[in-house]
Amino acid sequence: MSSQSTSSMHLFYRQNLGFWIARVEDRVSVASCPDFAPPDSPFRQGAQLGHVERISWGNAGTIEEYSRNWFDPDTVAYVARWV
């Protein structure tokens, strides 16, 4: 990843918090829909969905971001691009 990010969140990190995201790892798998899915969601708890777990490290080697996301693999294509 370049030292300058165009993403506003990452620009905020650099300009206001003094670090930048230097490395990212995404793990794409299948996981059960969590019990906290919105009630109006088309997915029910336990349904098998696509799942992305992301860990991002800052320039000092510390973990700065962590996320988990579920998606419908029939309607969503996962793409990660760091340039």
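Shown above is the structure to which this text applies.
What this report covers is the structure whose coordinates are included nearby. (Residues numbered from 1 in each chain as written. Predicted model: local features only at pLDDT ≥ 70, side-chain atom pairs only at ≥ 80, totals over all residues. Heavy atoms only, no water.)

**With respect to the pairing of strand 2 (residues 48-58)**
Part 1: As paired strands, strand 1 (residues 21-32) and strand 2 are joined by 11 bridges and run antiparallel to one another. Counted as the bridge partner of D26 is R54 from strand 2.
Part 2: Relative to strand 3 (residues 63-71), strand 2 runs antiparallel, the two sharing eight bridges. Residue pairing for strand 3: G50 is matched across the bridge by F71.
Part 3: From the end of strand 2 to the start of strand 3, which pair antiparallel, there are four residues, and G61 there has a positive phi angle of about 85 degrees. (Pairing = 2+ DSSP bridges. Helix = DSSP H or I, 4+ residues; strand = E, 2+ residues; numbered from the N terminus.)

**A short note on the environment of P34**
Part 1: If you trace the backbone, P34 turns up in the loop between strand 1 and strand 2.
Part 2: According to the relative accessible area criterion, P34 is buried, its value standing at 14%.
Part 3: For the pair P34 and A47, spaced 13 residues apart in sequence, the C-alpha to C-alpha distance is 8.5 Å.
Part 4: Residues in contact with P34, not counting those within four places in the same chain, are Q45 and W70. (Buried < 20%, exposed > 50% of the residue type's maximum accessible area, 1.4 Å probe, protein only. Contact = heavy atoms within 4.5 Å.)

**Notes on the packing of aromatic side chains**
Given two aromatic rings, one states the distance between the centres and the angle between the planes to describe the pair.
Part 1: Inspection of every chain in the model, using the stated rule, returns two aromatic pairs.
Part 2: Each ring, one from Y13 and one from F19, has its centre 4.8 Å from the other, and the planes form 25 degrees; the classification is stacked. F19 carries the same exposure label as Y13, and that label is buried.
Part 3: Geometrically, the ring pair formed by F36 and W70 is edge-to-face, given 5.8 Å between the ring centres and 80 degrees between the ring planes. Of the two residues, F36 is situated in the loop between strand 1 and strand 2 and W70 in strand 3; the sequence distance between them amounts to 34 residues.
Part 4: Relative accessible area serves as the criterion here: at 58%, F36 is assigned to the exposed category.
Part 5: A relative accessible area of 23% places W70 in the partly exposed class. (Phe/Tyr/Trp six-rings, centres within 6.5 Å; stacked < 30°, edge-to-face > 60°.)

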